[in-house]
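Okay, here's what each chain looks like letter by letter:
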Amino acid sequence: MNLPEGYDPRAFEPFAVTVDLAVLTVRAGRLHALLVQRGQEPYAGAWALPGGFVLPRESAGAAARRELAEETGLPGATVAGLHLEQLRTYTEPDRDPRMRVVSVAYTALVPDLPEPRGGGDAAEARWLPYDEVPPLAFDHDLILADARERVGAKLEYTCLATAFCPPEFTLGELREVYETVWGVPLDRPNFRRKVLTTPGFVEAVEGPPRRTGGRGKPAALYRAGEATTLHPPLLRPEGRSA
C-alpha cells in the first residue's frame, strides 16, 4: 500500500502491543489463577500472567492463544477450544520499563484444565489459589482483579457455574461455586429459591436424594438445565463483591 504524500511514519514514537491472560478456575473449593514465573528481565523470577508480544502479522486473539500454549504447556487443542473473553486494554505509559507497551487482556473462567508446565520464556507455570497470589509483575495485579470482577459478573447472567459441578449435583455444591468466585457467603434459602425459580437453570434428577457428608436429611440432586443465560439474573448480595 502506498503511503500518502508527505506522511512519515518515523515521526511517531513506536510502541509495542502485548497480550495478557487472566485464566481462573475453581479447584478443591477455592478460586485459582493460572500464573507463570518469569524467566527473563524485567521482573525475572517474579510471578505474572501468561502473555507476550503480538507479532507483526498476528492478531491479538491469535497471539493470546499462542502465548498461553507456549508459556503454560497446555495442549494446543485445549487452548484452541477455550472461550477467551477480551477484558480491557491497558495503556498506562509506564506500565512496562522497557518501552511504551499497550496490552490487550483476555480472561476466562474454565473447569478441568490440566496441570501447566513452564515453556517459552516462562521458567515455571502453576495454578495458585487466588488468595495466595504474591505481588505480580507489571500491572498484572490490576488485570487479575479486573478479571475476577468480570467473571463474577458473568456468573450473574449465565449458567457457567454448573460447569464446575459434577454431572449430578446438590444446590449446596452449586452455591459453593458462587461463594468461591464471589468471595461472599450466600443465604441458603434465598439462593435455593432463586435457582429453582429461574427457568432452565437446573432440572431435578429422578431417583433417591444423595446423602450429604454432614448431619441432616439427604439432599436432592440436580443437573444443568437447557438455559445458557439467566432470566432474571442471579445477582450478588447488594453492596458486596469479591
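Just so we're clear, the structure is a prediction, and the values are computed from it rather than from any experiment.

Caption draft 1: Spotlight on unusual backbone geometry. Here the residue pair Glu41 and Pro42 is connected by a cis peptide bond, since its omega of 0° sits within 30 degrees of zero. Among the secondary structure elements, Pro42 is positioned in the loop between strand S2 (30-38) and strand S3 (47-48). For the bond from His231 to Pro232, the omega torsion is 0°, close enough to zero to count as cis. Mapped onto the elements, Pro232 comes out in the segment after strand S9 (222-224).

Caption draft 2: Main features of the pattern of salt bridges. Using the criterion set out here, one finds 19 salt bridges in the structure. Across the salt bridge formed by Glu149 and Arg236, the nearest N and O atoms sit 3.2 Å from each other. In this pair, Glu149 is assigned in helix H3 (residues 140-157) and Arg236 in the segment after S9, connecting sequence segments 87 residues apart. Here Glu149 falls in the partly exposed class, since its relative accessible area comes to 35%. One salt bridge connects Arg175 with Glu179, and the closest N-O pair in it is separated by 3.5 Å.

Caption draft 3: Quick peek at the nonpolar core. Ranked by internal contacts, the top residues of the largest apolar core, which has 41 residues, are Leu109, Leu174, Tyr178 and Phe201. Counting residues per element, the ones that place at least two in this core are strand S1 (16-27), S2, strand S5 (85-90), strand S6 (101-109), H3, helix H4 (171-182) and helix H5 (188-196). Examining the composition of this core, we find that six residues originate from one element, H4, more than from any other. Setting aside residues up to four positions removed in sequence, Phe201 forms contacts with Cys159, Thr162, Leu174, Tyr178, Val195, Arg223, Ala224, Gly225, Ala227, Leu230 and Leu234. With 17 residues, the next largest nonpolar core counts Ala63, Leu68, Leu74 and Tyr106 among its residues.

Caption draft 4: Seen up close, the pairing of S6. Across the nine residues of S6, nine count as buried, placing the element largely inside the fold. Alternating residues of S6 divide into Val101, Ser103, Ala105, Thr107 and Leu109 and Val102, Val104, Tyr106 and Ala108, and every residue in both groups is buried. Bridging between S1 and S6 involves nine bridges; their strand directions are parallel. Opposite Val17, over in S6, you have Val102 as the bridge partner. Bridge count between S5 and S6: five bridges; the pairing is antiparallel. Each bridged residue has a counterpart across the sheet, and for Glu85 the counterpart in S6 is Thr107.

Caption draft 5: Up close: helix H1 (residues 60-72). Across its 13 residues, H1 extends 18 Å between first and last C-alpha, which sits within 8% of the 18 Å expected from 1.5 Å per residue. Within the span of H1, buried status applies to Ala63, Ala64, Glu67, Leu68, Glu71 and Thr72. Buried residues of H1 fall within an arc of 130° about the axis and therefore sit on the same side. Of the surrounding elements, those touching the buried residues of H1 are S1, S2, strand S4 (51-53), helix H2 (76-80), S6 and strand S7 (122-129).

Caption draft 6: Structural context of the environment of Lys154. Residue position: Lys154 is located in helix H3. The spatial distance from the C-alpha of Lys154 to the C-alpha of Leu234 is 10.0 Å, given a sequence separation of 80 residues. Not counting residues up to four positions away in its chain, the partners in contact with Lys154 are His83, Glu85 and Leu160.

Caption draft 7: The packing of aromatic side chains, seen in detail. With the rule as written, the count across this model stands at four aromatic pairs. Taken together, the ring pairs in this structure connect Tyr178, Trp182 and Phe191 into an aromatic cluster. Cation over ring: Arg148 sits above Tyr130, and NZ or CZ is 4.6 Å from the ring centre.

Reading guide: rules and limits
Numbering of residues begins from 1 in every chain and follows the order in which that chain's sequence is written. Given that this is a predicted model, residues contribute local features only at a pLDDT of at least 70 and side-chain atom pairs are listed and counted only at 80 or more, while totals for whole chains, interfaces and linings are drawn from all residues. Excluded from the side-chain calculation are hydrogens and water; included are all heavy atoms of the structure. Going along the chain from the N terminus, every DSSP run of H or I of four or more residues is numbered as a helix, and every run of E of two or more is numbered as a strand. Any Lys or Arg side-chain nitrogen located within 4 Å of an Asp or Glu carboxyl oxygen qualifies as a salt bridge. Buried, partly exposed and exposed residues are distinguished by accessible area as a fraction of the type maximum, computed with a 1.4 Å probe on protein chains only: under 20%, between the cut-offs, and over 50%, respectively. Within this scheme, the nonpolar core is defined by two criteria: the residues are buried Ala, Val, Leu, Ile, Met, Phe, Trp, Tyr or Cys, and they are joined through side-chain atoms within 4.5 Å. The contact criterion used is simple: two residues touch if any of their non-hydrogen atoms lie within 4.5 Å. Any two strands with at least two DSSP bridges between them are considered paired. To estimate the expected span of a helix, count its residues, drop one, and scale the result by 1.5 Å. Working definition: the arc comes from the directions between the helix axis and the C-beta atoms, pointing outward to the latter. Stacked, edge-to-face and tilted labels apply to pairs of Phe, Tyr and Trp rings (six-membered ring for Trp) whose centres lie within 6.5 Å, assigned for plane angles under 30 degrees, over 60, and everything in between, in that order. Only lysine NZ and arginine CZ atoms are considered, and such an atom sits over a ring when it is within 6 Å of the ring centre and within 35 degrees of the ring normal.

These results come straight from atomic positions and should not be treated as a statement about function.
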